[in-house]
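Secondary and tertiary structure notes
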There are 4 protein chains.
Amino acid sequence: MASLLITNHNLSSADAAAALRSRLKPFREAYDSCQRTRRWRSPKAAVIPAIHLPMRSLEFKNRLIVNGAEGVIVGGTTGEGHLMSWDEHIMLIGHTVNCFGSSVKVIGNTGSNSTREAIHATEQGFAVGMHAALHINPYYGKTSMQGMVSHFETVLSMGPTIIYNVPSRTGQDIPPAVIQQVSLNPNMAGVKECMGNDRIKNYVNKGITIWSGNDDECHDARWASGATGVISVASNLIPGLMHEIMFRGRNPSLKAKVMPLIKWLFREPNPIGLNTALAQLGVIRPVFRLPYVPLPLERRLEFLGIVEALGRENFVGEKDVQVLDDDDFVLVVWENPEALTKGNISLPKIDESTIGYKWSIFVGGFFEEHFFYQFD
Amino acid sequence: MASLLITNHNLSSADAAAALRSRLKPFREAYDSCQRTRRWRSPKAAVIPAIHLPMRSLEFKNRLIVNGAEGVIVGGTTGEGHLMSWDEHIMLIGHTVNCFGSSVKVIGNTGSNSTREAIHATEQGFAVGMHAALHINPYYGKTSMQGMVSHFETVLSMGPTIIYNVPSRTGQDIPPAVIQQVSLNPNMAGVKECMGNDRIKNYVNKGITIWSGNDDECHDARWASGATGVISVASNLIPGLMHEIMFRGRNPSLKAKVMPLIKWLFREPNPIGLNTALAQLGVIRPVFRLPYVPLPLERRLEFLGIVEALGRENFVGEKDVQVLDDDDFVLVVWENPEALTKGNISLPKIDESTIGYKWSIFVGGFFEEHFFYQFD
Amino acid sequence: MASLLITNHNLSSADAAAALRSRLKPFREAYDSCQRTRRWRSPKAAVIPAIHLPMRSLEFKNRLIVNGAEGVIVGGTTGEGHLMSWDEHIMLIGHTVNCFGSSVKVIGNTGSNSTREAIHATEQGFAVGMHAALHINPYYGKTSMQGMVSHFETVLSMGPTIIYNVPSRTGQDIPPAVIQQVSLNPNMAGVKECMGNDRIKNYVNKGITIWSGNDDECHDARWASGATGVISVASNLIPGLMHEIMFRGRNPSLKAKVMPLIKWLFREPNPIGLNTALAQLGVIRPVFRLPYVPLPLERRLEFLGIVEALGRENFVGEKDVQVLDDDDFVLVVWENPEALTKGNISLPKIDESTIGYKWSIFVGGFFEEHFFYQFD
Amino acid sequence: MASLLITNHNLSSADAAAALRSRLKPFREAYDSCQRTRRWRSPKAAVIPAIHLPMRSLEFKNRLIVNGAEGVIVGGTTGEGHLMSWDEHIMLIGHTVNCFGSSVKVIGNTGSNSTREAIHATEQGFAVGMHAALHINPYYGKTSMQGMVSHFETVLSMGPTIIYNVPSRTGQDIPPAVIQQVSLNPNMAGVKECMGNDRIKNYVNKGITIWSGNDDECHDARWASGATGVISVASNLIPGLMHEIMFRGRNPSLKAKVMPLIKWLFREPNPIGLNTALAQLGVIRPVFRLPYVPLPLERRLEFLGIVEALGRENFVGEKDVQVLDDDDFVLVVWENPEALTKGNISLPKIDESTIGYKWSIFVGGFFEEHFFYQFD
């Protein structure tokens, strides 16, 4: 059987196109779920079948927006932004704005270790409607403190910005002196900080808005150190519990209860754990893009116990949790996302589940409500 | 003086960034005029100055939407889409959706002579919210009739589509047999047809929705041949008059009155005439991107008389019309749009007037109201 | 079975990579045929098997270089340059320089209807070693005569240039006044002219070097009008005969003998005819990229008679000519060239036959020997 | 005055193009220095002036190839590869192959933290003639050990490969277990290792070829731990001394003599130190691309003493070393490399000195001769 965009050419191109069309259908429906791109009922198109929300979008709405997520990070590391080209990245920001921009704040991860790429992406991201940019310090290439300040000040001039500090990924800490200098910029919205709650407290005392970047520390970051919220991996799985931890008062026993999940989730760099979990919860298809591979069977077995302990009803999705076999996973290099293949069945390039897959993982978690009330 | 993204490095990077920021400011404001990206009043940003619509956006609203334009073609030839990279093109579609998508229909010109490029751009265009795609037959590379049908059927499968036939640009006519075959597709919204009113009448009789692609023939296309509307160059200059010609009943005398302008406008391939006119009306800056150059002085002088005869008040813009000197024009290659330079003054990459400039020219003109009422 | 870059993930990634490697192997060998990238015999790699030229490269050498082709156009319309992205296009220029640059002149088609794209591609093309650029006038978007001159003068400043005039594709003639003006530039190497032998004679009389762009007129262009050579489609099929027509003296009877092939070849825009012929000659795989589709069965049958009349030995390739069925052809959209699929067999992205396929078609034909002797 | 690709349009486009041409001239000459793209003496171009090697290429040859560099890394971090787009990156690999591929081995840094980008770049890099690829583990995004192995095995299947381990940049060590597993691949050429000489010795004992990645440890890596060579930053400044350290026998006193330079060079992430040094030596223009900024004045003063102590004659370049003022440096964002501006003078996009600038910094240093003799 030929794959998506390829057909045995029997010289009846109408047939070929019809076959293609039928395969592309879910893609079209994905867009129909968006608010703005409503059905076009052309004079000839009166019989377009009833529209229903694709499962993934529904899922997104059910589990995240309804449960209180106030914003999403589009194309962060958890959302595999570094595996997308910039045009896919910007398209996904525009798509999210178009579909969910009136329900949640859309924060585009338009940072880069190249200042010109960061400028270019940030311009385009704001142009397509993102509410704020997330900016990382120049990872891998690195630079001096002065270079870091110049980098941030350049991009800060473009619009509301959250700075992200995660030395375990970047190889270089953003020290308080840099944060304080760039905080003078009126576009500086705050910091996603992974360097611990002491530093968070110090920033909060200086009037800087902070989101915790560590799920395991976010309870204390909030209640002891004054963090505004958390940009979270775990909230993609247990949005309601994470919301409770962050916004319904101190709750050390709930924190203790979710810790096994969080520890399990961070055994390998995310999105490895997250995607393994979502696949076993039946929320995404078991497809991994290299260099990511699923957690091994031993860990996948552990996940069952974790779900049982916390209660399946607290997790996203509606299917029973299951242990996937090695053979259930598909590993793709994604040079050609359109060729996602399972068994003999070819799937369209951007079908609802692919989009859903991306959405499921770029959802960055909770922002404190009051913060966003300051939008006018 | 150094140009935009360059600064004499005096090692006070804060100063450098501040200078950069001040130059980028209009860019920020351009976004602030959009509905969705409203001002973010961060705790530290209470003193952001009062927002006012950038002139160009205001212009766009005043002259086009208020006057009855129902849709815009983003990145058509008049809008210089072939001078943009695909990522700029898609960004501009997303930007237009984000800023004007609730007022006008946004039609992305996502056509290409490469089927894979057309597919890629159309996917991205629908993803960022365009309402319909405009598709051209494969120009320059050309193909057989069967290849043309296969090309159109592939892209038609993706969403609502207007087909565009302009043999004087493509080197190849889309014959009625092809149009009739692809019209069986429920996503086929209609044809922008430049091959004369007899062909238009023939299509209309067969129930195919047609927009005239020729300003000089659009009155008769509408009132004698049954065209639904026009996708127009002249409506960028005289939106009200064009609306009157198309939707207030037969009006041969008004048609005759605007013909001198239309003839003047089409002496060279557009956007040459249109951009020359808009520059002399003070609506856009007198910047041309190669391979386009302004009309010569002789024609620029003629334009004054044309404006006088039709009445300045019927044209867009509010400044007095003027004759520009050769020296007033700037010719750019636009490898670096950020370096638009006039005299010694460097202008930011995408400032409001650059965006305005693009907007001013991709505005494709009028669609018949009833057509769009069929959106639900 | 999974396709190329996808594997059922059995968590033995070594196996997966080995499978991948075995599929990619032809790709590696393709490079090994190049002069510069010789085999790297690392201490651990003593057992790499004997290198043999991939069939396609061999074919290229046998049929074209040996037979007297003096140059190739990389990424012209016949070579489907408009179906490649710019990075593929430049890569292919660099690849051709690397593999064949010491045997033939490599002319990169780095023209565009966007001046900035033409500049960018031409810079990159010269940087990776092309000997000259081919530049087209701005097709589709078109411009004024003055715009055309500005476009050409801009790119001429970058290096040796052949101008290409083909109004049936561009929708706009390059008139003699423009050619004469740009001929003042020392980088102007000549014109590929499709507007007939009278115009060619006129140019030759003025000292301008001309290659005919029309196979059916090239004999007379050479012997009656003074053209230097031809940039040819037919020479991809019958290099020896074309060479004879052009460089062994007037030969009206040979010209008459090849005319049926040339007429057959140009029934549809190329590369439709050429690729159909090469596939039936067994030289390329029967894969078409949209918007191109093969000639219909009726024409494919005719081709057999044409080959018989001219003699199989005068055509490239060594297999018997055959009539392919509709089912033998594969139609791809080539969003993912890596997924060229025939039946159940997945083929690697750039295998030797894919590269061969591209080479086979960008070979632009003959240049007059003496011309190139003027390189020093 | 207008900047490079912009001209006051006086409607004499010939003048405009002539001005443009004169500015672009150095660019053309840069290519003329390459072996393959020799002067094209068209019938009309007999008066092209005598070609001379551009200073930068000459510099490159004089100081690096003549002094014994056996290979260059194109687009490593020191060469600012992360500040280039992929098409620039591949172009630069092809350019280097074209100009210097017969003198030195060209190693393209085609690694990425996205497996699909690494595959795409590596395919293109081999296609344009690079001799080997340099591959990094997935930095920033990171992955599990198993993901790392899958990533490397995928790219190793494409051609000769050097693996690069630099945890201080990537945030993640490549442990010996991973290196040993991927070393089974016959394309594995060796490791550029930054994790110390004990680990190097361990690898060497297992028969793995190692280049030291640390200038300060390379003497001992070579003479005590058995490293084959070094991929070096300092060799861009003192090629002869570095060659002596590595290949003329143990020399602790020479090592001690160069240590102050090496320490000075690594005070900030490179290429900050290197570019500051090259600018003060008069070898490159004092232009920095963000996020890089020059070392502060205090360090720049120190450099004078270092050069004096080692002897100016041991450094590259021929001008007197000088201390540059803050005002001498230009900081660019390089969205538009063509607009490198100093004072009021606009410089062409890729002139010889820009190319020279890039070359000067991607030169990775010395490889042991015998290693490369194993090429056949």
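Residues numbered from 1 in each chain as written. Chains lettered and ligands numbered in written order. Predicted model: local features only at pLDDT ≥ 70, side-chain atom pairs only at ≥ 80, totals over all residues. Heavy atoms only, no water.

1. Section: the overall build of chain A
A count of helices and strands for chain A gives 15 helices and 12 strands. Contacts spanning at least 24 positions in sequence make up 70% of the contacts within chain A whose residues lie at least 6 apart. With the model as given, the accessible surface of chain A reaches about 11,300 Å², and the carbon-plus-sulfur share is 51%. (Helix = DSSP H or I, 4+ residues; strand = E, 2+ residues; numbered from the N terminus. Contact = heavy atoms within 4.5 Å. Areas by Shrake-Rupley, 256 points an atom, 1.4 Å probe, with all protein chains shown as cover.)

2. A few points about the packing of aromatic side chains
This model, assessed by the stated rule, comprises 18 aromatic pairs over all chains. For the pair Phe288(C) and Phe329(C), a centre-to-centre distance of 5.7 Å together with 65 degrees between the ring planes defines the contact as edge-to-face. A residue pair is termed long-range when its members are at least 10 positions apart, and Phe288(C) in strand 9 (residues 287–289) and Phe329(C) in the loop between helix 13 (297–310) and strand 10 (330–332) qualify at 41 residues. In this structure Phe288(C) comes out as buried when scored by relative accessible area, which is 1%. One aromatic cluster is present, formed by Tyr139(A), Tyr140(A), Tyr139(D) and Tyr140(D) through successive ring pairs. The positively charged end of Arg222(C) is found above the aromatic ring belonging to Trp223(C), 4.8 Å away from the centroid. (Phe/Tyr/Trp six-rings, centres within 6.5 Å; stacked < 30°, edge-to-face > 60°. Buried < 20%, exposed > 50% of the residue type's maximum accessible area, 1.4 Å probe, protein only. Lys NZ or Arg CZ within 6 Å of the ring centre and 35° of its normal.)

3. Comments concerning the sheet that holds strand 7 (residues 210–212) of chain B
Residue and element names in this part refer to chain B. With parallel pairing, seven strands are arranged side by side in an open sheet as 2-3-4-5-6-7-8. With partners counted over all chains shown, the strands left at the sheet margins are strand 2 (71–74) and strand 8 (229–230), one partner each. Taken together, the three bridges between strand 3 (residues 105–109) and strand 4 (residues 132–136) define a ladder with parallel strand orientation. The residue of strand 4 that forms the bridge with Gly108 is Ala133. Of the strands in this sheet, strand 2 and strand 3 touch helix 3 (residues 86–100), which is tilted by about 175 degrees from strand 3. Helix 8 (residues 197–205) rests against strand 5 (161–165), strand 6 (188–193) and strand 7 of the sheet, and its axis sits at about 160 degrees to strand 7. (Pairing = 2+ DSSP bridges. Axes fitted to C-alpha atoms, helices over the stretch in contact; angles between N-to-C directions.)

4. Considering unusual backbone geometry
Residue and element names in this part refer to chain C. In this model, Asn270 is joined to Pro271 through a cis peptide bond whose omega is 20 degrees. Structurally, Pro271 can be placed in the loop between helix 11 (252–265) and helix 12 (272–280). The residue after Leu290, namely Pro291, is reached through a cis peptide bond having omega 10 degrees. Phi at Tyr140 takes a positive value of approximately 65 degrees, unusual for a residue other than glycine. Structurally, the position occupied by Tyr140 is in the loop between strand 4 (132–136) and helix 5 (145–156).

5. Looking at the side chain of Arg199(C)
Structurally, Arg199(C) can be placed in helix 8 (residues 197–205). Excluding its chain neighbours within four sequence positions, the residues that come into contact with Arg199(C) are Asn165(C), Asp173(C), Ile174(C), Pro175(C), Pro176(C) and Glu193(C).

6. Overview of the confidence of the model for chain A
Low-pLDDT portions of the prediction should not be read for the details of their coordinates. Residues and elements named next belong to chain A. Per-residue confidence for chain A averages 73 on the pLDDT scale, and 70% of its residues sit at or above 70. Counting interchain partners and residues more than four positions distant, the pLDDT-below-50 stretch residues 1–62 has 162 contacts. In the model, residues 334–376 has pLDDT below 50 throughout and makes 179 contacts with residues more than four positions away in sequence or in other chains. With a pTM of 0.82, the predicted complex shows an ipTM of 0.79. (pLDDT = per-residue confidence, 0-100.)

7. With respect to the nonpolar core
Grouped together as the largest cluster of nonpolar side chains are 64 residues, with contacts concentrated most on Leu237(B), Leu261(B) and Phe315(B). For this core, the element with the most residues is helix 11 (residues 252–265) of chain B, which contributes seven residues. (Core = buried A, V, L, I, M, F, W, Y, C linked by side-chain atoms within 4.5 Å.)

8. Section: the sheet that holds strand 2 (residues 71–74) of chain D
All names here are of chain D. Pairing within the open sheet is parallel, and its seven strands lie in the order 2-3-4-5-6-7-8. Because the sheet does not close on itself, it has two edges, and the strands there are strand 2 and strand 8 (229–230). As paired strands, strand 5 (residues 161–165) and strand 6 (residues 188–193) are joined by five bridges and run parallel to one another. Each bridged residue has a counterpart across the sheet, and for Asn165 the counterpart in strand 6 is Glu193. Packing against the sheet, helix 3 (residues 86–100) makes contact with strand 2 and strand 3 (105–109), and its axis sits at approximately 175 degrees to strand 3.

9. Overview of the pairing of strand 5 of chain D
All names here are of chain D. Across the five residues that make up strand 5, a large majority, five, are buried. Relative to strand 5, strand 4 (residues 132–136) is paired through four bridges, and the arrangement is parallel. Bridging across to strand 5, Ile136 finds its partner in Tyr164. Remark: the strand 4/helix 5 (residues 145–156)/strand 5 crossover connection has right-handed handedness. (Right-handed = clockwise from strand over helix to strand, strands pointing away.)

10. Notes on the environment of Met195(D)
Residue and element names in this part refer to chain D. Inspection of the secondary structure assignment puts Met195 in the loop between strand 6 and helix 8 (197–205). Judged by relative accessible area, Met195 falls into the partly exposed class, the value being 38%. Those residues in contact with Met195 that sit more than four places away from it in its chain are Asn165, Pro167 and Asp173.

11. Description of the pairing of strand 2 of chain D
Residues and elements named next belong to chain D. Alternating residues of strand 2 divide into Gly71 and Ile73 and Val72 and Val74, and every residue in both groups is buried. Note: strand 2 against strand 3, four bridges, orientation parallel. Pairing of Val74 across the sheet is with Gly108, part of strand 3.

12. Side note on helix 11 (residues 252–265) of chain A
Residue and element names in this part refer to chain A. The end-to-end C-alpha distance of helix 11, which contains 14 residues, comes to 20 Å, matching closely the 20 Å that a straight helix rising 1.5 Å per residue would cover. The largest bend along helix 11 reaches roughly 40 degrees and is located at Val258, with the proline Pro260 sitting one to four residues downstream. All buried positions along helix 11 are accounted for by Leu254, Val258, Met259, Leu261, Ile262, Trp264 and Leu265. Along its buried surface, helix 11 packs onto helix 10 (239–247), helix 12 (272–280) and helix 13 (297–310). (Expected span 1.5 Å × (residues − 1). Bend = angle between axes of the 7 residues up to and from the residue.)

13. Describing the environment of Arg116(D)
All names here are of chain D. Its location among the elements puts Arg116 in helix 4 (residues 115–127). We classify Arg116 as buried; its relative accessible area is 10%. Placed 68 residues apart in sequence, Arg116 and Leu184 show a C-alpha to C-alpha distance of 22 Å.

14. Describing the pattern of salt bridges
Residues and elements named next belong to chain A. What the rule picks out here adds up to 28 salt bridges over all chains. Between Arg299 and Glu298 there is a salt bridge, with the nearest N and O atoms lying 3.9 Å from each other. A residue is classified by how much of its surface remains accessible, and Arg299, at 18% relative accessible area, is buried. In this structure Glu298 comes out as exposed when scored by relative accessible area, which is 53%. Note that Arg300 is salt-bridged to Asp326, the shortest N-O span being 2.7 Å. Separated by 26 residues along the polypeptide, Arg300 in helix 13 and Asp326 in the loop between helix 13 and strand 10 (330–332) bring together distant segments of the chain. Its relative accessible area of 0% is what places Arg300 among the buried residues. (Salt bridge = Lys/Arg side-chain N within 4 Å of Asp/Glu carboxyl O.)

15. Points about helix 10 (residues 239–247) of chain D
All names here are of chain D. Most of helix 10 is tucked away: seven of the nine residues are buried. All of the buried residues in helix 10 are Pro239, Leu241, Met242, His243, Ile245, Met246 and Phe247. Note on helix 10: the residue one or two positions beyond its end, Gly249, has a positive phi of about 95 degrees.

16. Things to note about the packing of helix 10 (residues 239–247) of chain B against helix 11 of chain B
Residues and elements named next belong to chain B. One can describe the packing of helix 10 onto helix 11 by two numbers: an axis separation of 10 Å at closest approach and a directional angle of 140 degrees. Of the two possible hands of crossing, helix 10 and helix 11 adopt the one that is left-handed. Contacts between helix 10 and helix 11 pair Leu241, Glu244 and Ile245 from the former with Leu254, Lys255 and Val258 from the latter. Residues of the contact of helix 10 with helix 11, tallied by class, amount to four nonpolar, no polar and two charged. (Left-handed = near helix turned anticlockwise from the far one by under 90°. Nonpolar A, V, L, I, M, F, W, Y, C, P; charged D, E, K, R; others polar.)

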